[in-house]
Amino acid sequence: MKQFDVIVWSHEENPQFPSEPPFTDPALGWFFGNDINASIQESEAEWIVFAHASAKVDRTFLNDLAQAIESFPMVDAFAPRIATGKDGKFLAGYLRSGRKGFSMIPDDSKLRYVAAPTPYVAAFSRRIVRLTGGFDRSLSPAMGLVDFSLRMLHAGGKMFSIPYLCIGCESPNELLLPTANTNSKELGITLFKTFGFFGSFSFLLTHPGSIRPLWNNRKEINERRNSAILLSKLKADYIKEISC
């Protein structure tokens, strides 16, 4: 069994993926394309890395990820920091935040659990992927990854942020970030599916434009929520730990 499979996706409608992976290794598999669920079905590795096409997945990053997995065997998923190349700034994991939906952890944050990664790179164990299922096809790939990370919580998974687990990214597009300014409609659906109406009430109240998509598609969304929370292992104390 391979150690890693890397699933590379793009936010573009007609993306041009490379004909060959940037490098090869017997312990590594590559999948390119926006049909993420199809790639998940074909994956056989112990860990799956979901990476936007602009992320620089190289040997150094995968070696650092392998060390993190060995050091923290109780963790099912990792949210790497993203080096943007802009004034030494980083993008990092997110905490649940009432009115905002999510708030990014500070640059100087120490080891901690987070609610969701940036959409650019996240790594999940094969075990938790099997328990969580596939991406929600009704959402964009970027928000689908955030939604997948939240649904993983109901399956008993936890996502960890390590300051030294870092990856470069070429010109990250801020429109992909899970912020209310750019993705309030999808964000409202994602929060509702995991935390329910009362758990997402502050966000919905502050962003009324996110309510109509929920209401118009309430039957389908409720079915997806019920499927996600069936036999949920998510506890109130852990929700508090990954919130701000």
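Structure first, text after, so check above.
All figures in this text were calculated on a predicted structure; none of them were measured in a lab.

Caption draft 1: Region of interest: helix H4 (residues 141–154). Over its 14 residues, H4 runs 20 Å from end to end, which matches the ideal 20 Å to within 8%, given 1.5 Å per residue. Most of H4 sits inside the fold, with 13 of its 14 residues counted as buried. Just downstream of H4, Gly156 is the residue with a positive phi angle, here 95 degrees.

Caption draft 2: Fine view of a nonpolar patch on the surface. On the surface, a cluster of nonpolar side chains totalling about 490 Å² of accessible area is made up of Phe197, Phe198, Phe201 and Leu205. Elements supplying a minimum of two residues to the nonpolar patch: helix H5 (180–199) and helix H6 (201–206). Examined against the element boundaries, Phe198 turns out to sit in helix H5.

Caption draft 3: How the structure looks around the sheet that holds strand S5 (residues 81–83). As summarised here, the arrangement of the three strands in space is S6-S5-S12, forming an open sheet in which the pairing is mixed. The sheet is open, and its two edges are formed by strand S6 (90–91) and strand S12 (166–168), each paired on a single side. Relative to S12, S5 runs parallel, the two sharing three bridges. Bridge pairing in S12 links Arg81 to Cys166.

Caption draft 4: Here's a closer look at the sheet that holds strand S3 (residues 47–52). Pairing is mixed in the open sheet, where seven strands are placed in the order S2-S1-S3-S10-S4-S11-S9. Looking along the sheet, the strands with just one partner apiece sit at the ends: strand S2 (28–32) and strand S9 (112–114). Across two bridges, strand S4 (residues 77–78) lies against strand S11 (residues 159–161) in parallel orientation. Along S11, the bridge assignment pairs Ala77 with Met159. Packed on one face of the sheet, H4 meets strand S1 (4–9), S3, S4, strand S10 (121–125) and S11 and runs near 35 degrees to S10.

Caption draft 5: Local environment of the nonpolar core. The biggest cluster of nonpolar side chains holds 78 residues, and the ones touching the most others in it are Phe78 and Phe124. For this core, the element with the most residues is H4, which contributes eight residues. Setting aside its immediate chain neighbours within four residues, Phe124 contacts Glu46, Trp47, Ile48, Phe50, Asp76, Ala77, Val129, Leu145, Phe148, Ser149, Met152 and Met159.

Caption draft 6: Region of interest: the pairing of strand S8 (residues 101–104). As defined by bridge partners, strand S7 (residues 94–97) adjoins S8 across four bridges and the pair is classed as antiparallel. Note that in S8 the partner of Arg96 across the bridge is Phe102. Linking two consecutive strands that pair antiparallel, namely S7 and S8, is a turn of three residues.

Caption draft 7: Highlighting the packing of aromatic side chains. With the rule as written, the count across this model stands at 15 aromatic pairs. Here Phe17 and Phe32 contribute two aromatic rings whose centre-to-centre distance is 6.2 Å and whose plane-to-plane angle is 50 degrees, an arrangement assigned as tilted. Taken together, the residues span a long stretch of sequence, with Phe17 in the loop between S1 and S2 and Phe32 in strand S2 at a distance of 15 residues. In this structure Phe17 comes out as partly exposed when scored by relative accessible area, which is 25%. Given the relative accessible area of 28%, Phe32 is considered partly exposed. Where Tyr113 meets Tyr238, the ring centres are 5.8 Å apart and the plane angle is 70 degrees; that geometry is what we call edge-to-face. Residue Tyr113 is located in strand S9, and its partner Tyr238 is located in helix H9 (residues 236–241); the two are separated by 125 residues in the primary sequence. The class of Tyr238 is buried, set by a relative accessible area of 7%. Linked through ring pairs, Phe17, Phe23, Trp30 and Phe32 together constitute an aromatic cluster. Positioned above the aromatic ring of Phe195 is the side chain of Arg96, whose terminal nitrogen or guanidinium carbon lies 4.5 Å from the ring centre. Between Lys158 and the ring centre of Tyr113, over which it is positioned, the NZ or CZ distance is 5.3 Å.

Caption draft 8: Here's a closer look at the pattern of salt bridges. Tallied over the full model, the rule gives eight salt bridges. The salt bridge partner of Arg59 is Asp25, with a shortest N-O separation of 3.4 Å. Remark: Asp25 occurs in the loop between S1 and S2 and Arg59 occurs in helix H2 (residues 59–71); sequence separation between them is 34 residues. Looking at Asp25, the relative accessible area reads 33%, which means it is partly exposed. Arg127 is paired through a salt bridge with Asp76; the nearest N and O atoms lie 3.0 Å apart. Within this pair, whereas Arg127 is found in helix H3 (residues 126–132), its partner Asp76 is found in the loop between H2 and S4, the two being separated by 51 residues in sequence.

Definitions and cut-offs
Residues numbered from 1 in each chain as written. Predicted model: local features only at pLDDT ≥ 70, side-chain atom pairs only at ≥ 80, totals over all residues. Heavy atoms only, no water. Helix = DSSP H or I, 4+ residues; strand = E, 2+ residues; numbered from the N terminus. Expected span 1.5 Å × (residues − 1). Buried < 20%, exposed > 50% of the residue type's maximum accessible area, 1.4 Å probe, protein only. Patch = residues over 30% accessible without salt bridge, like charges linked within 9 Å, V, L, I, M, F, W, Y side chains within 5 Å. Areas by Shrake-Rupley, 256 points an atom, 1.4 Å probe, with all protein chains shown as cover. Salt bridge = Lys/Arg side-chain N within 4 Å of Asp/Glu carboxyl O. Pairing = 2+ DSSP bridges. Contact = heavy atoms within 4.5 Å. Axes fitted to C-alpha atoms, helices over the stretch in contact; angles between N-to-C directions. Core = buried A, V, L, I, M, F, W, Y, C linked by side-chain atoms within 4.5 Å. Phe/Tyr/Trp six-rings, centres within 6.5 Å; stacked < 30°, edge-to-face > 60°. Lys NZ or Arg CZ within 6 Å of the ring centre and 35° of its normal.

Purely geometric numbers; function is a separate question.
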